[in-house]
Amino acid sequence: MAWRPEREYRPAPPGAIGDVSQSLPWLHRLAAREDFWRLAVLVALALVWEGYGRWLDDDLLFPTFSQTVAALWTATVSGVLPLRTLASLETLAMGYAGGVALAAILTTFATSTRIGAALLTTLTAMFNPLPAIALLPLALLWFGLGTPSLVFVITHSVLWAVALNAHAGFRSVGPTLRKAGHTFGLTGWRYVAGILVPAAFPSILSGLKMGWAFAWRTLIAAELVFGASSSGGGLGWFIFEHRNQLLIAEVFAGLLTVIAIGLVVESLVFGTIERRTLDRWGMRR
Amino acid sequence: MSALPSSARRGEPMPSAGTASPLLAVRDVTIQYRTPDRLVTAVYDVSFDVLKGDRFVLLGPSGCGKSTLLGAVAGFLHPAAGTITLDGREVRDPGPDRMVVFQEFDQLLPWKTVRANVAYPMITSGRFDRRTALERADAFIAKVGLSAFADSHPHTLSGGMKQRVAIARALALEPAMLLMDEPFAALDALTRRKMQGELNELWEDTRFTLLFVTHSIEEAIVIGNRILVMTPHPGQVRAELDASGLGEADRGTPAFAQLERRIHGMLFGEAHG
């Protein structure tokens, strides 16, 4: 092989190269944002809806987006829709809180004892596939026509999703993190609260999100089935009532409200929690 | 205690008059673990003493039970026979008096900043109040050179930095003993070598007692003042050697190479006859 000379260089000092990291133009930064694209999808969907509604030209079957928004505005200004929404949210909050609390108890029991784990897996396997709405006739019989029945079915719909996810999350906490917790001398509930819960937070949060969606779904369906509760009814009742009067734009407005609340909670509440926790902790890519 | 000779040979255990009672005493320890269908003996009849200020290395090929042994000292598992005593008290459970630094980078709590990670065990163990813990955390983060990253979360750090944080977290708690389970094994070679030097500097600075597991002969000599050479299946003691005269600066010297060869012979040579 031919002889080649050895060489040594002197690398340029950091200052001489200029800015090693530069900020991108605003268009690139905008395109990198997830919420920008989500907004774009929403606008596109609204446009498609409007276009299809105009082309079909049948207010009874498929009101346009603008008609729906007009109906939404009227119902909001008259105070009916906010009242119904509030009634729904109130019931929802009670059921959701109940479901999450029961899930917390069940999961803690399941992590600390073998029988608890068996109980959780068996109960979840039994009740998770059971649609909450199927329990409604029984609930009506037990708790009467009113909020308690709704809270019962919502609790049922939330409980299993949250418990299942939290338990799966606890079980997937890595051995190193567990040992680290033990080497700090943590035991019992301090270990659960200090290590397991935050380490399993991605699963717990996805359980909470799923539970939220289930709760909504169950609530609207239950209200559609038996209409008004004692407090005057919620969103489901609003939809049911207007369908009976063939005010389809109002029906759409009710559905749009359900969707809007879902989106707001998803992106604002859960989105904020995710940014403050999972993103900051590097648990989500 | 007599004055250390000014030549300051690295790694001499504290010279005490006559009877040095060991900080950690491992006596006739046999460790077994259960798989679903068999009982496996991982460590067989191992005894050794660690004195205060020792940098005691457990060295051996994979499968020699050195990590298992360290796990038993940490209290994660219990010997089937024999006793492990720390300061005269039998080791039963894991605890903050024997802080462990693991090989894996995920030993830091991802939901806490570097400072909070270092402070957390000091607070939960009740050994320091919150304010003192945070002050100590900052001091030890500075010792491992990560002051600029005190408010960062672990996922933004490199592997070497994460291990530094784990070391700072363990040292800040002033454990009776620091246990390290191949802490540098997952690092790249350059970082690894740098970390070995830094660990030695930290030892010069705070004189903690260290039990260190490695499968690298070189690392054992650089880090340790005593080396327990173990053979596999099940793990047994082959030799307990003195490496107190050899350290970082002696890499490549004849004495270093000779000890390296000697250990190499114990681990591999004899098997080939």
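Calculation notes
Residues numbered from 1 in each chain as written. Chains lettered and ligands numbered in written order. Predicted model: local features only at pLDDT ≥ 70, side-chain atom pairs only at ≥ 80, totals over all residues. Heavy atoms only, no water. Helix = DSSP H or I, 4+ residues; strand = E, 2+ residues; numbered from the N terminus. Buried < 20%, exposed > 50% of the residue type's maximum accessible area, 1.4 Å probe, protein only. Contact = heavy atoms within 4.5 Å. Buried area = accessible area lost by both parts, 1.4 Å probe. Polar contact = N/O pair within 3.5 Å; in protein donor to acceptor, adjacent residues only side chain to side chain. Nonpolar A, V, L, I, M, F, W, Y, C, P; charged D, E, K, R; others polar.

A. Fine view of unusual backbone geometry. All names here are of chain B. Look at the link from H233 to P234: it is a cis peptide, with omega at -10°. Its location among the elements puts P234 in the loop between β9 (226-231) and β10 (236-242). In this model, D45 sits at a positive phi of 50°, which is unusual for a non-glycine residue. Note on placement: D45 falls in strand β2 (residues 38-50). On the accessibility criterion, D45 (41% relative accessible area) is partly exposed. A positive phi angle, near 55°, is found at D87, a position not held by glycine. Take D87: it is sitting in the loop between β4 (81-86) and β5 (89-90).

B. Looking closely at the interface of chain B and chain A. Tallying the contact residues gives 22 residues for chain B and 19 residues for chain A. Here chain B meets chain A over a buried area of about 1,800 Å², counting both sides, of which 68% is carbon and sulfur. If you look at where chain B meets chain A, you find eight residue pairs in polar contact (both at pLDDT 80 or more). Listed by contribution, the elements that provide at least two residues to the side of chain B that touches chain A are β6 (98-101) and α2 (114-124) of chain B. Partitioned by chemical class, the residues of the side of chain B that touches chain A number 12 nonpolar, six polar and four charged.

C. Quick peek at α2 of chain B. All names here are of chain B. By the criterion of burial, α2 is predominantly enclosed, with eight of the 11 residues buried. Listed in full, the buried residues belonging to α2 are V114, N117, V118, A119, Y120, P121, M122 and T124. Directly after α2, the chain includes G126, whose backbone phi takes a positive value near 75°.

No statement about biological role is implied by the geometric values presented.
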